[in-house]
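Inside the fold
These are the residues of each chain, in order.
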Amino acid sequence: MRKQKKEIIAMLLAGGQGSRLKELTKTMAKPAVYFGGKYRIIDFALSNCSNSGIYTVGVLTQYQPLELNSHIGIGSPWDLDRRNGGVSVLAPYMGPQGGRWYKGTANAIYENMGFIDKYSPKYVLVLSGDHIYKMNYSRLLEYHKKNSAKATIAVIEVPWEEANRFGIMNINDDNSIYEFEEKPQKPKSNLASMGVYIFNWEILREYLINDEKDGSSQNDFGKNIIPKMLKDGLDMFAYKFDGYWKDVGTVESLWQANMDLIKDDNELNLYDPSWRIYSRSYINPPHYISHKATVKSSLLNEGCIVHGEVNNSVLFPGVYVGKNSKIEDSVIMPDAIIEDYVTISRSIVMDNITIKSGTKIINRDKKKITVVNEDRGNNVMTMMDNMGNIKRIIKKVD
Amino acid sequence: MKDIMGIINLIENEDRIKDLTHNRPIATIPILGRYRIIDFSLSNMVNAGIRNVGIYTRGKSQSLMDHLGTGKEWDLDRKIDGLFLLNPIIDFNNIKINKGDIESFRSHLNYLKSSRQRYVVISRSYMICNVDYVDAVNYHKETGADITIIYKKIEEDIDKFNDCDTLNLDKKENVISVGSNLGDKKSYNISMETYIMKKDLLLNIIQNSINKGDYEYLKQAVFNSMKNLHVNAYSYNGYLSCISSVENYYRTNMELLNVDLARQLFYEDRLVYTKVKDEPPTKYCQNTNVSNSLIANGCVIEGVVENSVIGRRVEISKGAVVKDSIIMQKSSIGENCYLENVILDKHVRISDGKILSGDKDYPFVIKKNMSL
């Protein structure tokens, strides 16, 4: 089938496990993890594409793709169900030489060169499905064109003391990049790569082919492709992004990013009608707050029924909070049922689980977040801290 | 249920609900925070597996088209059958005023004729309920009746169904006659104006009526033909409300604050679908105080909300108090306002410090797009 030529297409890397999210990514890839009372992490990148006018998006999946596949579907929530282009889920596949998994981020794109070539784009936007941010990629593209760059990397200022946790770009006065350092001990700048790149497809294509031939390469953008391009002296620029950006790679940062949304002055304004974040919608009536309930400083979604007390928390659709129950500083994922006389603090409660009457999950350690999950096979409820250590197992009696 | 088609007849009496039907039919009045009235009858049909739905309108269909679109949210964007919006056809050579709905059916007779289904379910939009049409149609087939009318026996709050049709039934649930609810008896069999029959019979009734020219309304034609037909009734016992007046509209919203009643309508196996709006979750600020209220997505609530229904993307500012009220989508309420027994239509702006109050029996309605 003939495809219409596109100026730019996006390749969204969504195969990561997110192993530091422990329990949360046991059955789903990191981009499919729930966030913000309604969304999944990948919704931000997909909505950014749609809002930026990029309607051809390849989503590269690998780890636990079931939830992700059913979430993305044909892309209609993001207006990406297009006759020409639209969203395509690209999983590893079998070829004449057998099947192989994606070896790294660069290899994942390499394996799907056929997909990109079909649209013969001038530019390719490489994104990660792991981050929470709102960004207009069309501005990034303009900037890339204005500089006649071969590659442009979006960067964000991070606190100096945290700079050693990121891939850091060292730049000249004209924002051209002269050095890239992965997690430097002594950072020279505090501009961290956001995992958002624009490449000229012709050039990237060549680098991907060469990288694939190099047996010692880890086939990774940050570790191999970008350093190689810099070494070869290509014109590469940093695009400074000014706004909310968060890599929710750990249980704690996921919890924190949810809490950020509750703040009155949060930078990630979800209420801006000109830049909506789209997601697959649940079919639920409005939420109901009963006579005896109190809800303060919280985000609530449709289908919730609240009889107890909810304070400084985020409730996903369909959550039930029973009488005299108290929820504080917590994130409750979809359709969780919290019965009467339950106390929960500083926790993430997983979706579709029931917390029996009288359960108390209280976290006195200010640094720790408890992840409450259910092990259905063994009929127990598990509570883990953010280091993945099991704190307590409760045998469920029905 | 491939063999059933659905008809939703929106040619409804709007006299007592005029305040809410400027530029919209009753079918698209926002209700319960995130729905439109038609969502309930349309979802009932879709939940029964009906895949061919014709909606007869009286014009004013802009808001209807905006809401229904291609029927995607109801899974009615089908290649075969799907959703059909049947607007009146105006023939300027032959304008008669006050023509009933028969004329609409006549204009679109071909739609009925060419539909392949054998049975038809005809309903209204203003009857809010969650009926299992699969069961009703099976009942219709079992009794061998020509027409089955769905009804609910009402023993409390009879005034909620004033002027609704009532059915006089014999012991075998056969319909003896159809009357009207004047509110003077202890119990009534309220007709939900939902009729099940063979499509061919419906065509017959319409064609006869056009031939004779004696009836303007389909309902009259059906009732008249009942003399020669076997008409049975199917009893429904879930939640029912009739949005025929502003008072009933208000009452329906308020009574569904009762979770047990709402459960009958929403938390059955049969879900209620509506247009998706992609609103973020609702945000409750530090000093809010909300109780006994239904609240849709996308709101920012800083004030006090009590016994109210709040639509999508409503802002309630600091110090504002909203009591026993219905606030439709995208309205905003300024600081230190006090609202009691009020219905705000869409996009209403209330500036700081206003005090508005109506009566429980006569809620104060503020029209769409007003700024006070």
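Note that this is a predicted model, so its numbers are computed, not measured. (Residues numbered from 1 in each chain as written. Chains lettered and ligands numbered in written order. Predicted model: local features only at pLDDT ≥ 70, side-chain atom pairs only at ≥ 80, totals over all residues. Heavy atoms only, no water.)

1. Some points on the domain arrangement of chain B
Residue and element names in this part refer to chain B. Selection criterion: Where each domain starts and ends comes from a domain assignment, either automatic or drawn from a database. The contact definition used throughout considers only heavy atoms, calling two residues in contact when any of these lie within 4.5 Å. By convention, the term buried area covers the 1.4 Å-probe accessible surface removed from two parts as they join, with the contributions of both added. Within this document, salt bridges are pairs made up of a side-chain nitrogen of Lys or Arg and a carboxyl oxygen of Asp or Glu, the two lying within 4 Å of each other. Polar contacts, as used here, are pairs of N or O atoms within 3.5 Å; protein pairs need one atom able to donate a hydrogen and one able to accept it. Residues neighboring in sequence count only if both atoms are side-chain atoms.
Assigned domains within chain B: domain 1 (4-266) and domain 2 (283-366). One C-alpha centre belongs to domain 1, the other to domain 2, and the line joining them spans 32 Å. The partner domain 2 presents 23 residues to the 17 residues of domain 1 that form the contact. Summed over both partners, the interface of domain 1 with domain 2 buries about 1,600 Å², with 66% contributed by carbon and sulfur atoms. Broken down residue by residue, the surface that domain 1 buries against domain 2 is led by G33, Y250 and L257, which jointly contribute 37%. Taken together, the links from domain 1 to domain 2 amount to one salt bridge. Between R24 and D345 there is a salt bridge whose closest N-O contact spans 2.8 Å. Between domain 1 and domain 2 we count four residue pairs in polar contact (both at pLDDT 80 or more) in total.

2. Focus on the packing of aromatic side chains
Geometry of an aromatic ring pair is reported as the spacing of the ring centres plus the angle between the planes. Rules: Only the six-membered ring of Trp is used, alongside the rings of Phe and Tyr, when aromatic pairs are assigned; centres must lie within 6.5 Å, and planes under 30 degrees apart are stacked while those over 60 apart are edge-to-face, with the rest tilted. Each residue is placed in one exposure class: buried if its accessible area under a 1.4 Å probe, protein chains only, is under 20% of its type's maximum, exposed if it is over 50%, and partly exposed if it falls in between. The way it works is that DSSP assigns letters per residue, a run of H or I at least four long becomes a helix, a run of E at least two long becomes a strand, and they are numbered from the N terminus.
Tallied over the full model, the rule gives 18 aromatic pairs over all chains. Ring plane angle 35° and centroid distance 5.7 Å describe the contact between Y197 of chain A and F199 of chain A, whose orientation is recorded as tilted. For Y197 of chain A, a relative accessible area of 10% gives the class buried. The interplanar angle of 45° and the centroid separation of 5.0 Å between the aromatic rings of F84 of chain B and Y111 of chain B together place this pair among those described as tilted. Taken together, the positions of F84 of chain B in strand β5 (residues 82-86) and Y111 of chain B in helix α4 (residues 109-114) put the pair 27 residues apart, joining distant regions of the chain. You can call F84 of chain B partly exposed: its relative accessible area is 31%.

3. A short note on the sheet that holds strand β29 (residues 360-361) of chain A
Residues and elements named next belong to chain A. Put simply, the rule is: Each pair of strands is called paired provided DSSP finds at least two bridges between the two strands.
The five strands lie next to each other as β17-β20-β23-β26-β29, forming an open sheet whose pairing is parallel. On the outer flanks of this sheet lie β17 (294-296) and β29, each paired with one strand and no other. Bridge count between strand β23 (residues 326-328) and strand β26 (residues 343-345): three bridges; the pairing is parallel. Each residue of the ladder has a partner; that of I327, found in β26, is I344.

4. Focus: the pairing of strand β9 (residues 165-169) of chain B
Side chains on a regular strand alternate between the two faces of the sheet. The sheet contact formed by β9 of chain B and strand β10 (residues 175-180) of chain B spans five bridges and is antiparallel. By the bridge assignment, L169 of chain B is partnered in β10 of chain B with V175 of chain B.

5. Concerning the packing of helix α6 (residues 199-212) of chain B against helix α7 (residues 218-225) of chain B
All names here are of chain B. Just so we agree on the cut-off: All axes here are fitted lines through C-alpha atoms, helices being fitted over the stretch that makes contact, and every angle between N-to-C directions spans 0 to 180 degrees. With respect to orientation, any angle under 35 degrees is reported as roughly parallel, any angle over 145 as roughly antiparallel, any angle of 65 to 115 as roughly perpendicular, and every other angle as oblique. Following the grouping adopted for this structure description, the nonpolar residues are Ala, Val, Leu, Ile, Met, Phe, Trp, Tyr, Cys and Pro, the charged ones are Asp, Glu, Lys and Arg, and the polar ones are all others, Gly among them.
Direction vectors running N to C along α6 and α7 enclose 105°, while the axes themselves pass 10 Å from each other. Of the possible angle classes, the one that applies to α6 and α7 is roughly perpendicular. Of the residues in α7, those touching α6 at L202, I205, I206 and S209 are L218, A221, V222 and S225. Counted by class, the contact of α6 with α7 contains six nonpolar, two polar and no charged residues.

6. So, the layout of surface pockets
A probe as big as a water molecule, rolled over the atoms, marks out the empty space that is left. What counts, and what does not: Cavities and pockets are found on a 1 Å grid laid over the protein atoms alone: a cavity is a set of points where a 1.4 Å probe fits but cannot escape, a pocket is an open set with protein on both sides within 12 Å along at least five of seven lines, and a lining residue has an atom within 4 Å of such a point. Grid points are joined across faces, edges and corners, and a volume is the space filled by probe spheres set on the points.
Of the voids in this model, the second largest pocket is the one considered here, and its volume is about 790 Å³. Around the second largest pocket, the lining comprises 27 residues; the ones closest to its centre are S76 and P77 of chain A together with K72, E73 and V276 of chain B. Residue classes in the lining of the second largest pocket are distributed as 10 nonpolar, six polar and 11 charged.

7. Focus on the environment of G167 of chain A
Residue and element names in this part refer to chain A. The topology assignment puts G167 in strand β11 (residues 167-171). Since its relative accessible area comes to 10%, G167 is described here as buried. G167 sits 55 residues away from G222 along the chain, and the two C-alpha atoms are 7.5 Å apart. Apart from the residues lying within four places of it in its own chain, the contact partners of G167 are F180, E181, E182, K183, L191, A192 and S193.

8. Some words on the interface of chain A and chain B
At the junction of the two partners, chain A supplies 41 residues and chain B supplies 40 residues. Summing the contributions of chain A and of chain B, the shared interface buries around 3,300 Å²; its carbon and sulfur component is 49%. If you sort the residues of chain A by the area they bury against chain B, Y271, P286 and Y288 of chain A come out on top, with a joint share of 20%. When the shortest N-O distance is used, the salt bridge between R276 of chain A and E279 of chain B registers 3.3 Å. Looking at the side of chain A that touches chain B, the elements with two or more residues in it are α8 (251-262), β16 (287-289), β17 and β18 (298-300) of chain A.

9. Details of the side chain of T166 of chain B
All names here are of chain B. Within the element layout of this structure, T166 appears in strand β9. On the basis of relative accessible area, T166 is assigned to the buried category, the value being 5%. Not counting residues up to four positions away in its chain, the partners in contact with T166 are S177, V178, G179, S180, N181, Y188, N189, I190 and S191.

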